[in-house]
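# Fold and geometry: a report
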Amino acid sequence: MKNSDQSHSYVHFRFGIVIILSLAVMALDVRSKLLNDIRFYLESALYPVLVFADSPHAVGRVVSSQLKTHSELIKENEQLSTENFMQRADSLKLKDLEAENKALRQLLNSPIRTKNKRLFAEVIDVDPDPYLHRVTVNRGASDGVHEGMPVITDKGLVGQVINVNYAFSRVLLLTDPNCSIPVVDERSNVRAISSGSGSHDDIIINNVPRSADIKKGDLLLTSGIGGVYPRGYPVAIVSKVGFSDSQPFAEVKAKPLVDTDKMRFVLMYWTSLENSEDIKSLAKEQTDSKVILHQRKIKDLIKTLSVKDRVLDNSEGQQ
């Protein structure tokens, strides 16, 4: 018992000595700052130990943040890609055409028309027939797509919708032999009709007079004639202009700006619907005006007949 009591007393004594020394060192460090260097070296020596002890928590935090942001980055990347594609497509509108439209609106005192509705779509299938240049996109009647809608990319015109199902649509490309597009030369304003040649590398420009001012390298734009394709979108670059004494027209070919073999995304426009609504509203106004004028003529005729009846009654009474 005595030995155990002595050992406990010795432990307590040492513990008391350690506490006193700790308090003395703390007081000395607070007042004189003599232990700053010693603390600096001790912390530097123990830093790898602290890093190793905190490594599981740091690794878990990094992994969780990576897993959390990966899906967000994919979603954000898809959204930014879509917005960028639409902005590049909008930039195809040439500045001189916008200035011309602005001047015409001011001349006619016409309000600015609202922006055309558009739809982003992805190419999901290509027609295997080498003589038919057509693709299938993942938008259909459920998205409001209708036949005749113009289709473009951020490079230029692609073609138009020719067949619509519930969930997808078929697009006739401008290189297909059955596709004809009214175009205009950007430099000389010469109008013509482009037709597909059956080749992805060029299209044929028909009915160009030999005297027409059209040269190799000219940019061809949609002319807007016919109301199917919006005016001012790039179609092709003139690649060949030839003349033959036996032909009344020049032989003109152009290279499409859109590589239809590599395109993945397209934009679809509702310009025809907007034009049809404008035409309907104008027709309604004209019809209403005709109805009002007809009603006025009937009223005037009734008044004239009433006056004549009164004159006849007065004359008979006097007799």
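Scroll up a little and you will see the structure.
Residues numbered from 1 in each chain as written. Predicted model: local features only at pLDDT ≥ 70, side-chain atom pairs only at ≥ 80, totals over all residues. Heavy atoms only, no water.

### Quick notes on the overall build of the protein
Secondary structure assignment for the protein yields four helices and twelve strands. Of all 319 residues assigned to the protein, the portion counted as buried reaches 27%. Nonlocal contacts in the protein, meaning residues at least 24 apart in sequence, comprise 59% of its contacts between residues at least 6 apart. Working note: accessible area of the protein is about 22,200 Å², and carbon and sulfur atoms make up 58% of it. (Helix = DSSP H or I, 4+ residues; strand = E, 2+ residues; numbered from the N terminus. Buried < 20%, exposed > 50% of the residue type's maximum accessible area, 1.4 Å probe, protein only. Contact = heavy atoms within 4.5 Å. Areas by Shrake-Rupley, 256 points an atom, 1.4 Å probe, with all protein chains shown as cover.)

### Things to note about the packing of aromatic side chains
To describe a pair of aromatic rings, one takes the distance between the centres and the angle between the planes. Evaluated as defined, the whole model comprises four aromatic pairs. Between Phe-85 and Phe-120, the aromatic rings sit 5.5 Å apart at their centres with planes inclined by 80 degrees, giving edge-to-face as the arrangement. Placement of Phe-85 in helix 2 (residues 36-90) and of Phe-120 in strand 1 (residues 118-126) is noted, with a sequence separation of 35 residues between them. With a relative accessible area of 7%, Phe-85 lands in the buried category. Centroid distance Tyr-233 to Tyr-269: 6.1 Å. Interplanar angle 55 degrees. Geometry classified as tilted. Pair noted here: Tyr-233 is in the loop between strand 9 (219-222) and strand 10 (234-242) and Tyr-269 is in strand 12 (residues 265-269), with a separation of 36 residues, a long-range link. Taken individually, Tyr-233 and Tyr-269 each receive the classification buried, so the pair is uniform in this respect. Through a chain of ring-to-ring contacts, three or more aromatic side chains come together here, namely Phe-85, Phe-120 and Phe-265. (Phe/Tyr/Trp six-rings, centres within 6.5 Å; stacked < 30°, edge-to-face > 60°.)

### So, unusual backbone geometry
Glycine aside, negative phi is the norm for most residues, and most peptide bonds take the trans geometry. Residue Asn-189 is not a glycine yet carries a positive backbone phi of 65 degrees. Structurally, Asn-189 can be placed in the loop between strand 6 (180-185) and strand 7 (191-196). Of note in this structure, Asn-207 is not a glycine but carries a positive phi near 55 degrees.

### Looking at the sheet that holds strand 8 (residues 203-206)
Taken in spatial order, the six strands close into a barrel running 6-7-8-11-10-9, and their pairing is antiparallel. This sheet shows a mean twist of 40 degrees between the axes of neighbouring strands, independent of strand direction. Direction of pairing for strand 7 relative to strand 8: antiparallel, over a ladder of four bridges. Within the sheet, the bridge partner assigned to Ser-194 lies in strand 8 and is Ile-205. (Pairing = 2+ DSSP bridges. Axes fitted to C-alpha atoms, helices over the stretch in contact; angles between N-to-C directions.)

### Let's talk about the sheet that holds strand 2 (residues 134-137)
To summarise the sheet geometry, strands pair through backbone hydrogen bonds and adopt either a parallel or an antiparallel arrangement. Taken in spatial order, the six strands close into a barrel running 1-2-5-4-3-12, and their pairing is antiparallel. Shown here is a sheet whose adjacent strand axes are inclined to one another by a mean of 45 degrees, direction ignored. As judged from the four bridges shared by strand 2 and strand 5 (residues 169-173), these two strands associate in the antiparallel manner. Across the sheet, the residue bridging to Val-135 is Val-171, located in strand 5.

### Side note on the pairing of strand 5
The buried fraction of strand 5 amounts to four of the five residues, a majority that puts the element mostly inside the structure. Of the pairings in the sheet, the one linking strand 4 (residues 157-164) to strand 5 comprises five bridges and is antiparallel in character. Bridged to Val-164 within strand 5 is Ser-169. Count of turn residues in the strand 4/strand 5 antiparallel hairpin: four residues.

### Regarding the environment of Leu-219
Residue position: Leu-219 is located in strand 9. Put simply, Leu-219 and Val-235 are 16 residues apart on the chain and 7.7 Å apart in space, counted from C-alpha to C-alpha. When sequence neighbours within four positions are dropped, the list of residues in contact with Leu-219 reads Val-184, Asp-185, Glu-186, Pro-234, Ala-236, Ile-237 and Leu-257.

### Remarks on the pattern of salt bridges
Taken as a whole and assessed by the stated rule, the structure comprises eight salt bridges. Note that Arg-139 and Asp-143 form a salt bridge whose closest N and O atoms lie 3.6 Å from each other. For Arg-139, a relative accessible area of 25% gives the class partly exposed. (Salt bridge = Lys/Arg side-chain N within 4 Å of Asp/Glu carboxyl O.)

### Topic: the nonpolar core
Among the nonpolar cores identified, the biggest contains 30 residues, and Ile-205 and Leu-267 are the most heavily contacted of them. At the level of secondary structure, the elements contributing two or more residues to this core comprise helix 2, strand 6, strand 8, strand 10, strand 11 (251-256) and strand 12. Setting aside residues no more than four positions away along its own chain, Ile-205 makes contact with Ala-192, Ile-193, Ser-194, Leu-220, Val-252 and Ala-254. In terms of nonpolar packing, the next biggest core, distinct from the first, is built from 17 residues, Val-135, Val-137, Val-151 and Val-266 among them. (Core = buried A, V, L, I, M, F, W, Y, C linked by side-chain atoms within 4.5 Å.)

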